[in-house]
Amino acid sequence: MTSLQEAKSVVLNYYNSLDSAQSDDELKLCFEKNTPRDYLWRGFHPFGEINNRDLVILNFWKPFRKSFKCTQRRQDIFFAGKNSLKDEEGIWVVSMGHLLSLFDHEWLGIQPNFKIVMLRYCEFNLVHNGQILQTAFYFDIPHLMSQANQNPFDSQTGSSIVQPGPRTHDGVLFEDANPEESEATLQLINRMISDLGQWENPLPLEEELALSWQDDMVWWGPHGIGSTFTIERYAKQHASPFRAAFSDRSGTGHIARLAEGHYGGFFGWPNFTAGHDGGFMGLPKSDGKIEFKVIDIYRRGEGKLAENWIFIDILSILYQQGIDVLGQNHSTVGG
């Protein structure tokens, strides 16, 4: 059985090989060494699900490496664990932070600014027998667009900033954490999902949030929504308007949920569906249900959750409503 340390080593060696590759041949060798041919990769719009390592290189990594130079991986959180949702072979390894680069060539129709940019990312990797079998690689393209002065959204309920790592500066777990701490974090995340996951708790929203969140919680949200601080402001600036805009929410569908030490998180494909009643990002009511692809990463404080970094595929949500942000020459949305 793969240990946490073995799985972490596989991912760190993969990152070292990927980030240092100087040619297409070295990039190909990196993936041949670290992934099977039928490697499953999931990425935010416009990439989607790819079940072939050669196509992952062709569709994502080659264009990315052409557009972004001198890339540094700056991890803020790194942890690993077994998937608590199902009995499967392998260990999931989670990495979150920024890819810092020089944006020198057009990417996805986004024009370069020839300056430093930081692409927010979070990645779940399933490791088994020394290889990475699956990856969920979620990244905040609208935030990158904003840094390049091509902001696709003219307003948002929270604040858009380059997001720091944990307040406690202890999120990179190269050494394995205490299993009892890991279980406590997982139990708290599960409790939070039970309290908040279906939007059916009869308590007032702020009291509902206080069941599992510290009063001074920080919600590091995606560009288009933004970040908020304290339960009061989170309720006003995101949770309340978001719930008002969507209804008929499905149950929670996660592919993996895990924790190590004071850190944990999950991802889905999609996490849930809901009907849009109008108002989200200034948009009118839409027909049918919208799929939400999300990664949530949490830091547990003293008995409650203290911080939440969240990645939502905003471009996919808009695309499902007939708005192709990347294909519209970056005209504003929600004005």
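Residues numbered from 1 in each chain as written. Predicted model: local features only at pLDDT ≥ 70, side-chain atom pairs only at ≥ 80, totals over all residues. Heavy atoms only, no water.

**Q** What should I look at first to understand the confidence of the model for the chain in this one?
**A** Parts of the prediction with low pLDDT should not have their coordinates interpreted in detail. Residue-level pLDDT values for the chain average 93, and 96% of them are 70 or greater. When the criterion is pLDDT under 50, residues 329-335 qualifies, and its contacts beyond four places in sequence or with other chains add up to 22 contacts. (pLDDT = per-residue confidence, 0-100. Contact = heavy atoms within 4.5 Å.)

**Q** In this structure, what is going on with helix H3 (residues 53-67)? I would like to understand it.
**A** Note on helix geometry: an α-helix contains 3.6 residues per turn, so any two residues three or four positions apart are oriented the same way. Helix length check: H3, at 15 residues, gives a terminal C-alpha distance of 20 Å against a target of 21 Å (1.5 Å per residue), a fit within 8%. Considered for burial, the residues of H3 that qualify are Arg53, Val56, Ile57, Phe60, Trp61, Phe64, Arg65 and Ser67. Where H3 begins, one side-chain oxygen reaches toward the backbone nitrogen of aspartate 54, 2.8 Å away; that side chain belongs to asparagine 52. (Helix = DSSP H or I, 4+ residues; strand = E, 2+ residues; numbered from the N terminus. Expected span 1.5 Å × (residues − 1). Buried < 20%, exposed > 50% of the residue type's maximum accessible area, 1.4 Å probe, protein only. Polar contact = N/O pair within 3.5 Å; in protein donor to acceptor, adjacent residues only side chain to side chain.)

**Q** How do you make sense of the sheet that holds strand E14 (residues 294-300) when you look at a structure like this?
**A** Strand pairing in a sheet is mediated by backbone hydrogen bonds. Such pairs are either parallel or antiparallel. If you walk across this open sheet you meet the six strands as E8-E7-E15-E14-E11-E10, and the pairing is mixed. Edge positions in the sheet fall to strand E8 (228-229) and strand E10 (256-260), since each of these pairs with one other strand and no more. Examined bridge by bridge, E10 and strand E11 (residues 263-267) share five bridges and lie antiparallel to one another. Residue pairing in the sheet places alanine 256 in a bridge with phenylalanine 267 of E11. (Pairing = 2+ DSSP bridges.)

**Q** Which parts of the structure should I look at to understand the environment of phenylalanine 64?
**A** Looking at the secondary structure, you find phenylalanine 64 in helix H3. Expressed as a C-alpha distance, the spacing of phenylalanine 64 and glutamate 106, which sit 42 residues apart in the sequence, is 9.5 Å. Discounting residues that sit within four places of it in the chain, phenylalanine 64 has contacts with Thr71, Leu99, Trp107 and Leu119.

**Q** Any chance you could explain the nonpolar core here in plain terms?
**A** Across soluble globular proteins, nonpolar side chains show a tendency to be buried alongside one another. Residues Phe31, Trp41, Trp61, Trp107, Phe124 and Ile297 are the most contacted members of the largest nonpolar core, which totals 98 residues. If we ignore the near neighbours within four places in the chain, the residues touching phenylalanine 31 are Tyr14, Leu18, Tyr39, Arg53, Val56, Ile57 and Trp61. (Core = buried A, V, L, I, M, F, W, Y, C linked by side-chain atoms within 4.5 Å.)

**Q** I would appreciate a short explanation of the pairing of strand E12 (residues 272-276) in the present structure.
**A** Within E12, five of the five residues are buried, which leaves the element mostly enclosed by the surrounding structure. In this sheet, E12 lies alongside strand E9 (residues 246-247) in antiparallel orientation, the contact comprising two bridges. Along E12, the bridge assignment pairs phenylalanine 246 with histidine 276.

**Q** Sorry if this is basic, but what is going on with the packing of helix H1 (residues 4-20) against helix H2 (residues 24-34) here?
**A** The packing of two helices is summarised by the inter-axis angle and the distance between the axes. Two elements in contact, H1 and H2, have axes separated by 8 Å at closest approach and are oriented at 165°. In terms of orientation, H1 lies roughly antiparallel with respect to H2. In the packing of H1 onto H2, the handedness of the crossing is left-handed. In this structure, H1 contributes Val10, Tyr14, Ser17, Leu18 and Ser20 to the contact, and H2 contributes Glu26, Leu27, Cys30, Phe31 and Asn34. A breakdown of the residues in the contact of H1 with H2 according to their chemical character gives six nonpolar, three polar and one charged. (Axes fitted to C-alpha atoms, helices over the stretch in contact; angles between N-to-C directions. Parallel < 35°, antiparallel > 145°, perpendicular 65-115°, else oblique. Left-handed = near helix turned anticlockwise from the far one by under 90°. Nonpolar A, V, L, I, M, F, W, Y, C, P; charged D, E, K, R; others polar.)

**Q** It is not clear to me how the packing of H2 against H3 should be interpreted in this structure. Could you clarify?
**A** At a minimum axis separation of 11 Å, H2 and H3 run at an interaxial angle of 140°. When the axes of H2 and H3 are compared, the pair comes out oblique. Classified by chirality, the crossing of H3 by H2 is right-handed. Across the interface between the two elements, Asp24, Leu27, Lys28, Phe31 and Glu32 from H2 touch Arg53, Val56, Ile57, Trp61, Lys62 and Arg65 from H3.

**Q** Please explain the sheet that holds strand E3 (residues 68-81) as it appears in this structure.
**A** Read from one edge to the other, the open sheet built from six strands follows the order E2-E1-E6-E5-E4-E3, with strand pairing classed as mixed. What marks the edges here is a single partner per strand, and that holds for strand E2 (48-50) and E3. This sheet shows a mean twist of 20° between the axes of neighbouring strands, independent of strand direction. The pairing of E3 with strand E4 (residues 91-103) spans 11 bridges and is classified as antiparallel. Its bridge partner lying in E4, phenylalanine 78 is registered against serine 95. Across the face of the sheet, H3 comes into contact with strand E1 (40-43), E2, E3, E4, strand E5 (116-128) and strand E6 (131-139) while running at roughly 125° to E3.

**Q** What is the right way to look at the packing of aromatic side chains in this model?
**A** Geometrically, a pair of aromatic rings is defined through the distance of the ring centres and the angle of the planes. Enumeration over the complete set of coordinates arrives at 39 aromatic pairs. Summarising the aromatic geometry, the rings of phenylalanine 60 and tryptophan 107 are spaced 6.2 Å apart at their centres and angled 80° between planes, so their arrangement reads as edge-to-face. You can see phenylalanine 60 sitting in helix H3 and its partner tryptophan 107 sitting in the loop between E4 and E5, a full 47 residues away along the chain. Assessed through its relative accessible area of 0%, phenylalanine 60 is described here as buried. Take tryptophan 107: its relative accessible area is 2%, and that puts it in the buried class. Where phenylalanine 242 meets phenylalanine 246, the ring centres are 4.9 Å apart and the plane angle is 40°; that geometry is what we call tilted. The exposure class of phenylalanine 242 is buried, given its relative accessible area of 11%. One Lys or Arg, arginine 73, reaches over the ring of tyrosine 15 and ends 3.7 Å from the middle of that ring. Geometry around phenylalanine 272 places arginine 249 over its ring, the cationic atom sitting 3.9 Å from the centre. (Phe/Tyr/Trp six-rings, centres within 6.5 Å; stacked < 30°, edge-to-face > 60°. Lys NZ or Arg CZ within 6 Å of the ring centre and 35° of its normal.)

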